[in-house]
Amino acid sequence: MNNLILTSPIPGKLIPLKDVKDPAFASGAMGAGVGIEPSEGKVYAPFDAKVEVLFETKHAIGLTGINGEAVLIHVGVDTVNLNGAPYKNFVNQGDTIKKGDLLLTFDIEAIKKAGYDTTTPFLVTNAYDYDEITVKNDTQTLIAQAGKEISSETAEKISADNTADNAEDTASKKKYDGLSKEERVAAQILDNIGGKDNIRSVEHCATRLRLILNDKSKINEKAIENIDGVKGQFFAAAQYQIILGTGFVNKVYDVVVRQTDNLSTNNKAEAYAQMSLSQKISRTLGDIFVPIIPVLVATGLFMGLRGTLTSLGVEFGENFLLMSQILTDTAFAFLPALVTWSAMKKFGGTPVIGIVLGLMLVAPQLPNAYAIAAGTAQPLYFDILGLSIPVVGYQGSVLPALILGIVASKLQAYFKKIIPDVIDLIVTPFLTLFICMILGLLVIGPIMHTIELFIFGAVKTFLEMPFGIGGFVVGGLHQVIVVSGIHHVFNALEIELLSSTGRDMFNAIITGAIVAQGGAALAVAFRTKNKKKRAMYVSSIIPAFLGITEPVIFGINLRFMKPFVCGLVGGACAGATASLLQLAGTGMGITVIPGMLLYMDRLPAYLLVNFIGLAVAFVLTVVCFKPEE
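Residues numbered from 1 in each chain as written. Predicted model: local features only at pLDDT ≥ 70, side-chain atom pairs only at ≥ 80, totals over all residues. Heavy atoms only, no water.

1. Comments concerning a nonpolar patch on the surface
What counts, and what does not: Note on patches: the residues involved have over 30% relative accessible area and no salt bridge, like charges join within 9 Å, and the nonpolar side chains Val, Leu, Ile, Met, Phe, Trp and Tyr join within 5 Å. Residue burial considers only the protein chains on display, and all accessible areas are found by Shrake-Rupley using a 1.4 Å probe. Within this document, salt bridges are pairs made up of a side-chain nitrogen of Lys or Arg and a carboxyl oxygen of Asp or Glu, the two lying within 4 Å of each other. Here a helix means four or more residues in a row that DSSP labels H or I, a strand means two or more in a row labelled E, and each is numbered from the N terminus. Partly exposed describes any residue whose relative accessible area lies between the buried limit of under 20% and the exposed limit of over 50%, with all areas from a 1.4 Å probe on protein chains only and scaled to the type maximum.
Taken together, the side chains of Phe462, Met465, Phe467, Ile469, Phe472, Val473, Leu477, Val480 and Leu580 define a hydrophobic patch exposed on the protein surface, amounting to about 810 Å² of accessible area. No other element matches the five residues that helix α16 (residues 469-484) contributes to the nonpolar patch. Tracing the chain through its elements places Val473 in helix α16. A relative accessible area of 32% places Val473 in the partly exposed class.

Here it is in structure tokens:
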């Protein structure tokens, strides 16, 4: 039998670990051991060892003995909050020490005066290597972990506990025997969220299972994080989100839906009711603009390809150039129609009415907005109640179409309530189009376009601030805003940038912020020795280099915090570089590796921005992050 006998490192009374007033220690989750009520403020080496860990606050020290025994001596409970004030170290991390060497001293009275318990957990962190662990001092001997041959009351209790735990583990394994991976993960998730009856609704996105639950207190977060296949979990936008990864989340979702009856698969109404005002605004803008982004992404790719070929000296024929302009310019010329269509659809109106209203805003009878900006056309003026109102086309505008689409959907809903069904099909569309055309061209359009120009001008000025200050701020804060869940507001900004300037400088800034989070997570994986954890981290990192940071943020960086902060610094440096280089993409919606397609005409500058974000975040994380955190 492999037994371990240790000498107490601190003079004082030994007590059972379960009596330590800290559940993390008392439960044995951090290792088997005892508690010590110190009579003297000195910590001595219990055996010949190496100092593996000495916390900066000096309240705890980890040792590895020459025979492989690993212990943690944690002086006091919650004493990390004292920031090392009552402690003094006589050894440093990495030192080799002999049994009986003085390691630390601490002021017992100062700790008590500060309101903290001086009871010291003395733990064997690799307790599973031993059948029996005994701790002794001059007057006491306490069994920290009993072996099978021990017949004392303590041994019987521990043996009973272990038997129950083993039986529970065996039963748990048998429960999931014969299940496929997605069935096992789904079953374990259901078991640790309070069962299928605790689910109000469920849906999924590209990487996450999104749950609205009746009772959040039933969630066993630690158990869910320990499920093989789960890469992280968190609450956001009033949803409990479990990160499973691209493709696999679809399979787990299908299993969950099959196992639950009458389950809602639309979280939006439930989640929306629980959101803050800023989250509601962001989610609404996201629901409106996300459906039209693929068209703008494709348009941007075509523009980038044409620009690359032109820069390489390729000359296009007149007709071919005309065809390419139709391909790249149509989406922006009729952008208001896309926006009003999506807004009407979001707010329950008839989408085709939205399309017609958007087309009215860019009707060929109106002076073209681009021609007015170039000085080759003049607005039409309507005199109403003594006011001279300019009427123009709204090519490339976002805000007038957005507000008009929302107003039209509400107006249509009102007419449907008061107009008899027999004439609803004719009267409701007519009144909606007629009233909204007048409002759009004479009221909403001029007001919203003025506001739009002001906002756009202010944002553009900020992003173009000297010395890259604007890019530094945006690059440093972008992923914080992603965590808050209100980053969809940037969709409108990017669309406005593209429609007004033909380039998206915001995309160039945030791509560095995205790749920086991937670089920080890569450093965590690099420093992690546990092969299983490293493999899990790598699987979460890959999406970051494709422009999706949620798996690395919530699965890795935020859990340790330091990597997340290092990623923010890397993003700030990359953003500043993008601003200094005046880098801008020909489209939006894709970043990092896929984003290269938007920068074919300035690919070296784009690669430099990404490299700076990645390198700064990686190096800072390697320096600042310790795997034991």
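That covers the picture; the talk isn't over yet.
2. Side note on the packing of aromatic side chains
Centre distance and the angle of the planes are the two values used to describe a pair of aromatic rings. Applied cut-off: Aromatic pairing here means that ring centres of Phe, Tyr or Trp (its six-membered ring) are within 6.5 Å. Orientation follows from the plane angle: under 30 degrees is stacked, over 60 is edge-to-face, and everything else is tilted. Ring-over charges, as used throughout, are those where CZ of Arg or NZ of Lys falls within 6 Å of the ring centre and within 35 degrees of the ring normal.
Counted under the stated rule, the structure contains eight aromatic pairs. Judged by centre distance (6.4 Å) and plane angle (40°), the rings of Tyr87 and Phe106 are tilted. With Tyr87 in strand β8 (residues 87-89) and Phe106 in strand β10 (residues 102-106), this residue pair connects regions lying 19 residues apart in the sequence. Looking at Tyr87, the relative accessible area reads 6%, which means it is buried. Seen from their ring centres, Phe430 and Phe434 are 6.1 Å apart, and the 5° between their planes marks the pair as stacked. Of this pair, Phe430 and Phe434 both sit in helix α15 (residues 421-463), four residues apart, which is roughly one turn of that helix. Just above the ring of Phe248 sits the side chain of Lys181; from NZ or CZ to the centre is 5.2 Å.

3. Some thoughts on helix α11 (residues 335-346)
Rules: One less than the residue count of a helix, multiplied by 1.5 Å, gives the span that helix is expected to have. In this analysis, two residues are considered to be in contact whenever any of their non-hydrogen atoms come within 4.5 Å of each other.
The end-to-end C-alpha distance of α11, which contains 12 residues, comes to 17 Å, matching closely the 16 Å that a straight helix rising 1.5 Å per residue would cover. Three or more residues of α11 are buried, namely Leu335, Pro336, Ala337, Val339, Thr340, Ser342, Ala343 and Met344. Along its buried surface, α11 packs onto α8 (277-289), α10 (318-333), α12 (351-361), α14 (399-418) and α17 (489-501). Where α11 ends, the next residue or the one after it, Gly348, has phi of about 85°, a positive value.

4. Things to note about α12
This is how it is decided: What the arc measures is the spread of directions leading from the helix axis to the C-beta atoms.
Every buried residue of α12 is listed here: Ile353, Gly354, Leu357, Gly358 and Leu361. The buried residues of α12 occupy one face: seen down the axis, they fall within an arc of 135°. Packing partners of the buried residues in α12 comprise α11, α14 and α15.

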